[in-house]
Amino acid sequence: MYNLLSAYFTKLFKDKLFWLIECVIVLWASYVFWLARQQFVYGMHHVNEVFHTNPYFFNVSIWLGISLALYSAYFTGTEYHDGVLRNQIISGHRRSVIYLSHYLLILLTGIMQAAAYYLVFIIADSFFLGFSVIHMLVKPAEYILLIFLALLGYSAVFSCFSILLANKSAAVFIQLLLAILMLYFGFATVTSLQEPETVVTNTYYGEHRRIPNPKYLTGTKREVYEWADAFLPSSLILHGVMTDKNGIMTDKKDGAPFHVKIPVGATLLTVCFTAFGLYGFSQKDLK
């Protein structure tokens, strides 16, 4: 596996698409940092007790699924087109090793994409005295852990599809569509789970009263949404962007950073797609 990974990384660092995506991420990070600073300087510093920079710092997580869907389909599709996969098998590499090497490459590509974004923030923080995105984060360790779990899931899903779909164009279309759908359902799931138990309403006499929130999920419906939240990589990464000022994500009662179903769901998603991909690739006829 070491030789395969070494060859893949050599190819990765020579890949123009990889560096194009990295440049786009760097430019986007610079723009998002500028937006955060503008929001802080022109108004939000007056209400600093509710201002936090999580939506800016974790913004890149929104797009990681789309960028990984594009790059994994492109990279693996090129391997099929150039006959690299067939030649690797002929030269004696086991299919399981080839598959896992692809998975690790996609995973590390996602980590490098996120690292490029955060590196811009770290460097920019040192240039703007009096304003620091990093110092105004809420529970960054928990949310970074969620992004890593999401990358594990994303990499498993897209490695599976890209290596089982020999057609590069079909793989790009299907994976981009899947990434967008996961983002949509992830947003819907997190939004529903973050609904408060009660809401404030005004009475006829101008008084404020708290009443039960009809949108608050309870019972079996909440259990289903929490499991969906745990299985969707897009849902995990959106928590960092959509968190409130207290860092509360889905459990409003005790302020836990995330419910216990998340590591279970993320692990099951990764294992299931990896196992299915390994089996499918072992049976695939490479022409």
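Residues numbered from 1 in each chain as written. Predicted model: local features only at pLDDT ≥ 70, side-chain atom pairs only at ≥ 80, totals over all residues. Heavy atoms only, no water.

What follows covers the overall build of the protein chain. A tally of regular secondary structure across the protein chain gives 11 helices and two strands. When the helices and strands of the protein chain are listed from N to C terminus, the series reads α-α-α-α-α-α-α-α-β-β-α-α-α. Every one of the 287 residues in the protein chain was classed for burial, and the buried ones make up 48%. Within the protein chain, counting contacts between residues at least 6 apart in sequence, those at least 24 apart form 81% of the total. When the accessible area of the protein chain is evaluated, it comes to approximately 14,700 Å², of which 67% is carbon and sulfur surface. (Helix = DSSP H or I, 4+ residues; strand = E, 2+ residues; numbered from the N terminus. Buried < 20%, exposed > 50% of the residue type's maximum accessible area, 1.4 Å probe, protein only. Contact = heavy atoms within 4.5 Å. Areas by Shrake-Rupley, 256 points an atom, 1.4 Å probe, with all protein chains shown as cover.)

As a further point, take the pattern of salt bridges. Using the criterion set out here, one finds three salt bridges in the structure. Here Glu-223 makes a salt bridge to Lys-261, at a shortest N to O gap of 3.5 Å. Linking Glu-223 in helix H9 (residues 219-231) with Lys-261 in helix H11 (residues 261-283), this pair joins segments that are 38 residues apart in sequence. Here Lys-261 ties to Glu-226 by a salt bridge, and the two come within 2.7 Å at their closest N and O atoms. (Salt bridge = Lys/Arg side-chain N within 4 Å of Asp/Glu carboxyl O.)

This prediction gives the protein chain a mean pLDDT of 82; 87% of its residues lie at or above 70. Model confidence for the protein chain, summarised as mean pLDDT per element, is weakest for strand E1 (residues 198-202) at 72 and strongest for H11 at 91. Confidence drops under pLDDT 50 across residues 245-257; counting only partners more than four residues distant or on other chains, this segment forms 35 contacts. (pLDDT = per-residue confidence, 0-100.)

This brings us to a nonpolar patch on the surface. Taken together, the side chains of Phe-173, Ile-174, Leu-177, Leu-181, Tyr-184 and Phe-185 make up a nonpolar region of the molecular surface, amounting to roughly 620 Å² of accessible area. Of note, Ile-174 is situated in helix H8 (residues 168-193). (Patch = residues over 30% accessible without salt bridge, like charges linked within 9 Å, V, L, I, M, F, W, Y side chains within 5 Å.)

Let's shift gears to helix H4 (residues 60-81). Taking 1.5 Å of rise per residue, the 22 residues of H4 would be expected to cover 32 Å, and the 31 Å separating its terminal C-alpha atoms lies within 8% of that figure. Extensive coverage of H4 is indicated by the burial of 17 of its 22 residues. Downstream of H4 by one or two residues, Gly-83 has phi in the positive range, about 75°. (Expected span 1.5 Å × (residues − 1).)

Even without glycine at this site, Lys-139 takes up a positive phi of about 45°. Note that Lys-139 resides in the loop between helix H6 (95-125) and helix H7 (140-164).

Interaxial distance between H7 and H8 falls to 10 Å at its minimum, and their mutual angle equals 150°. The angle between the axes of H7 and H8 places the two elements in the roughly antiparallel class. For the element pair H7 and H8, the recorded crossing hand is right-handed. The segment H7 lies against H8, with Tyr-154, Val-157, Phe-158, Phe-161 and Ser-162 engaging Ile-174, Gln-175, Leu-178, Ala-179 and Met-182. In the contact of H7 with H8, the residues fall into eight nonpolar, two polar and no charged. (Axes fitted to C-alpha atoms, helices over the stretch in contact; angles between N-to-C directions. Parallel < 35°, antiparallel > 145°, perpendicular 65-115°, else oblique. Left-handed = near helix turned anticlockwise from the far one by under 90°. Nonpolar A, V, L, I, M, F, W, Y, C, P; charged D, E, K, R; others polar.)

With that settled, consider the nonpolar core. The biggest cluster of nonpolar side chains holds 73 residues, and the ones touching the most others in it are Phe-58, Tyr-117, Tyr-118, Phe-121 and Phe-158. When residues in this core are grouped by element, the largest group, 14 residues, is from H6. (Core = buried A, V, L, I, M, F, W, Y, C linked by side-chain atoms within 4.5 Å.)

Bringing the packing of aromatic side chains into the picture now. To describe a pair of aromatic rings, you give the distance between the ring centres and the angle between the ring planes. For the structure shown, the criterion picks out 23 aromatic pairs. Arranged with centres 6.1 Å apart and planes meeting at 45°, the rings of Tyr-71 and Tyr-74 form a pair that is tilted. Of this pair, Tyr-71 and Tyr-74 are both found in helix H4, three residues apart, which corresponds to roughly one turn of the helix. Residue Tyr-71 is classed as buried on the basis of its relative accessible area of 1%. An angle of 40° between the planes, with centres 6.1 Å apart, marks the rings of Trp-227 and Phe-231 as tilted. With Trp-227 and Phe-231 both in helix H9, this residue pair falls four residues apart, about one helical turn. Under the relative-accessibility criterion, Trp-227 is labelled partly exposed at 33%. According to the relative accessible area criterion, Phe-231 is partly exposed, its value standing at 33%. Joined through ring pairs, the aromatic side chains of Tyr-8, Phe-9, Phe-13, Phe-18, Trp-19, Tyr-71, Tyr-74 and Phe-75 make up one cluster. (Phe/Tyr/Trp six-rings, centres within 6.5 Å; stacked < 30°, edge-to-face > 60°.)

For Gln-113, the position within the fold is in helix H6. Given a relative accessible area of 0%, Gln-113 falls into the buried group. When neighbours within four sequence positions are excluded, Gln-113 is seen to be in contact with Ile-21, Glu-22, Ile-25, Leu-64, Ser-67 and Leu-68.

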